[in-house]
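# Architecture at a glance
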Amino acid sequence: MKQGIYTVEENTPLAEGVFRMRLRGDTSAVTRPGQFINIRLDGKFLRRPISVCDWDDGTITIIYKLLGDGTERMSRYPAGKTLDVLTGLGNGFDVGRAGERPLLIGGGVGTPPMYALAKQLLAAGKRVQAVLGFNSAADVFYADELRDLGAAVRVATADGSRGVKGFVTDALAGLDYSYYYACGPEPMLRAVWKTAVTDGELSFEERMGCGFGACMGCTCKTLTGFKRICRDGPVLRKGELLWDD
Amino acid sequence: MGRLSVTLCGIELDNPVIPASGTFGYGVEFAELYDINCLGTFSFKGTTREPRYGNPTPRIAEAESGMLNAVGLQNPGVDAVIAEELPRLKKCFHKPVMANVSGFSVEEYVEVCRRLDAQAQVGWLEVNISCPNVHGGGMSFGTDPHMAAEVTRAVKAVTTKPVIMKLSPNVTDIAQIARACEDAGADAVSLINTLMAMRIDIRRRRPILANVTGGLSGPAVFPVALRMVWQVADAVGIPVIGLGGVSSAEQVIEMMLAGAAAVEVGAANLTDPWACQKIIDELPAAMDRCGIDNLRDIIGGAKQWEKT
Ligand SMILES: Cc1cc2nc3c(=O)[nH]c(=O)nc-3n(C[C@H](O)[C@H](O)[C@H](O)COP(=O)(O)OP(=O)(O)OC[C@H]3O[C@@H](n4cnc5c(N)ncnc54)[C@H](O)[C@@H]3O)c2cc1C
Ligand SMILES: Cc1cc2nc3c(=O)[nH]c(=O)nc-3n(C[C@H](O)[C@H](O)[C@H](O)COP(=O)(O)O)c2cc1C
Ligand code: FES
């Protein structure tokens, strides 16, 4: 983990109520797709955790949804604004387990971390498939960007206005995959956990006090013991999860 | 002795800055970030006899200038603390540590304190009789002077190290509880623990915390904590450790002027992991600006203005 001052380079709407922000600064603490950063906002005591969508030597890209006052304020930050950010948080996805035909499953703002993950897997010569789920066509983002990277992409929308009508799990039928990576709201993760046929790993959210393992604010129970979502996660293995239904 | 050093129950601290229990784990996460030997000491996570998961999530909510937590004393239990956490800590921290203890019965406090008292690394026992987030224990001991005295007496009977009773602000008269602890043999008191609080998600029309209520801490509580430290320092002769909302060198000075012999820093560690290191670094300059040569000389330094 590192603390640094980052400059907003871009902060623009991407879809209905969803923004993309590019931050310039030290990215050396970011080591794996699926990690997150924790951003201090003016007038807010707790930092806001947001997944890394992509990063390079000098920039970090995040995609965030307007949810409450914090993300609302964030969306008004102009280019040039500086932010205090903790980077390199969380374990991230393990690309080593992908096999030859990994499947990436993103639901809503669970999609962003799939971008850097797809990049790494494609660079390693894997055949990457992605299934993205949204509420409706106006909410869809990054389907084209993932396709441009070279992934085969299926979109599902709850109202059927784009792609398959239904949830991501309705779009899994007929896909042949070696391993899966999933990030999205918990009901989606549960459905994926039940439906997907291979081993995989899933990324979770929890309200956080610190984001680096100090406060025990984010702990969940797993088959392998208590896990702090911020430090031992956010990515957990399918086999660790304690869901019993 | 340096300009920053103070004495806490006979043990000299290089400076009065002490990360507060529950915001510093058992030290190792922070030792990866900076040399934690710069601290006066730190108070480790509230430890109970059995391992505890704590409360369901969400355990954290935000407030104006602060936060609520309802962690519910998640900890690995005293056996694992002795077998695993203390040996790990030994590699990165070479000063006496403050052992924070919680319990659900007098017997539990006694047993956990007795076992931690026997550990060479432990310098003080900080007995938390003020956790608002667990049922049938914690705070119920800290809101009744008779029970507070009973825990103090029982712990003192089985320990050799200084015993610091950690007090709850969720009482009508905190000075009365402090006096009860002093009379029962406490070597010091620390205050405040968190203030009972809650938040409601207005869109979902339900409490944010799964535990419904939680404890408020952070900058919002500093003036309340300062007032209580002032009142307790008046009421007792034993050292008072001040905490609640401290996040700057100036606030450390302010707490000491109110009567604190040392100062703990809690929530500030969560939003800025380097907070305590920065506060210690900034203390000399803040002292210079206030014309303070030695911190130990200012403890209770505002007392001449006591209302009569
Ligand atoms: C590891 C991780 C990665 C995340 N990645 C993304 C991402 O890439 N894009 C994105 O849009 N969102 C992401 N989130 C969710 C994001 O953190 C919340 O939407 C955001 O904190 C809401 O802040 P707010 O002030 O707008 O909302 P408010 O509801 O006003 O926030 C109040 C408090 O609750 C917390 N909170 C509210 N909702 C959540 C939530 N779902 N998860 C965690 N904390 C919450 C806030 O951080 C804040 O402390 C992620 C969360 C986690 C834990
Ligand atoms: C996440 C969290 C966990 C805490 N856990 C404990 C604990 O285990 N034992 C204890 O005595 N106090 C605990 N506290 C209380 C703090 O030690 C401190 O008394 C309180 O937060 C006020 O200080 P602050 O405003 O600087 O945070 C906890 C506080 C927080 C925020
Ligand atoms: S948020 Fe503090 S331990 Fe995870």
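Preceding block: the structure.
All of the points below concern the structure found in this document. (Residues numbered from 1 in each chain as written. Chains lettered and ligands numbered in written order. Predicted model: local features only at pLDDT ≥ 70, side-chain atom pairs only at ≥ 80, totals over all residues. Heavy atoms only, no water.)

## Re the overall build of chain B
Tallying secondary structure elements over chain B gives 10 helices and 15 strands in all. Judged by the C-alpha coordinates and their principal axes, chain B covers about 50 × 50 × 45 Å. Within the span of chain B, comprising 308 residues, buried residues form 64% of the whole. Within chain B, residue pairs in contact and separated by at least 24 positions form 71% of the contacts whose partners lie at least 6 positions apart. (Helix = DSSP H or I, 4+ residues; strand = E, 2+ residues; numbered from the N terminus. Buried < 20%, exposed > 50% of the residue type's maximum accessible area, 1.4 Å probe, protein only. Contact = heavy atoms within 4.5 Å.)

## Comments concerning the sheet that holds strand E5 (residues 66–69) of chain B
Residue and element names in this part refer to chain B. Spatial strand order, E4-E5-E13-E10: 4 strands in an open sheet with antiparallel pairing. In this open sheet, the two strands that pair with only one neighbour each are strand E4 (60–63) and strand E10 (195–197). Averaged over all neighbouring strand pairs, the angle between strand axes comes to 35°, with direction disregarded. Where E10 meets strand E13 (residues 214–217), 3 bridges bridge the pair, whose relative direction is antiparallel. Within E13, the residue paired with Ala197 across the bridge is Gly214. (Pairing = 2+ DSSP bridges. Axes fitted to C-alpha atoms, helices over the stretch in contact; angles between N-to-C directions.)

## Considerations on the sheet that holds strand E5 (residues 54–55) of chain A
Residue and element names in this part refer to chain A. Strand order across the open sheet formed by 7 strands is E4-E3-E7-E1-E2-E6-E5, with antiparallel pairing between neighbours. Two strands in the sheet have a free side with no partner beyond their single neighbour: strand E4 (48–51) and E5. Sheet topology note: the strand E1 (residues 2–15)/strand E7 (residues 82–89) ladder contains 6 bridges and is antiparallel. Within E7, the position partnered with Gln3 by the bridge is Leu86.

## A look at the layout of surface pockets
Computed from the structure, the second largest pocket encloses a volume of approximately 480 Å³. Lining the second largest pocket are 19 residues; nearest its centre among them are Met216 and Arg228 of chain A together with Pro76, Glu85 and Arg88 of chain B. Secondary structure elements with two or more residues in the lining of the second largest pocket: strand E15 (225–228) of chain A together with helix H1 (28–31) and helix H2 (78–90) of chain B. Among the residues forming the lining of the second largest pocket, the class breakdown is 6 nonpolar, 4 polar and 9 charged. (1 Å grid on protein atoms, 1.4 Å probe; cavity = no way out; pocket = protein on both sides within 12 Å on 5 of 7 lines; lining within 4 Å. Points joined across faces, edges and corners; volume = space filled by probe spheres on them. Nonpolar A, V, L, I, M, F, W, Y, C, P; charged D, E, K, R; others polar.)

## Topic: the site of ligand 1
Residues and elements named next belong to chain A. Taken together, 19 residues lie near ligand 1, and Pro49, Lys65, Thr71, Glu205 and Arg207 sit nearest. In the environment of ligand 1, an oxygen atom lies 2.7 Å from a nitrogen or oxygen atom belonging to the backbone of Lys65. Counting residues per element, the shell around ligand 1 draws most heavily on E4, at 4 residues. (Near = heavy atom within 4 Å. Polar contact = N/O pair within 3.5 Å; in protein donor to acceptor, adjacent residues only side chain to side chain.)

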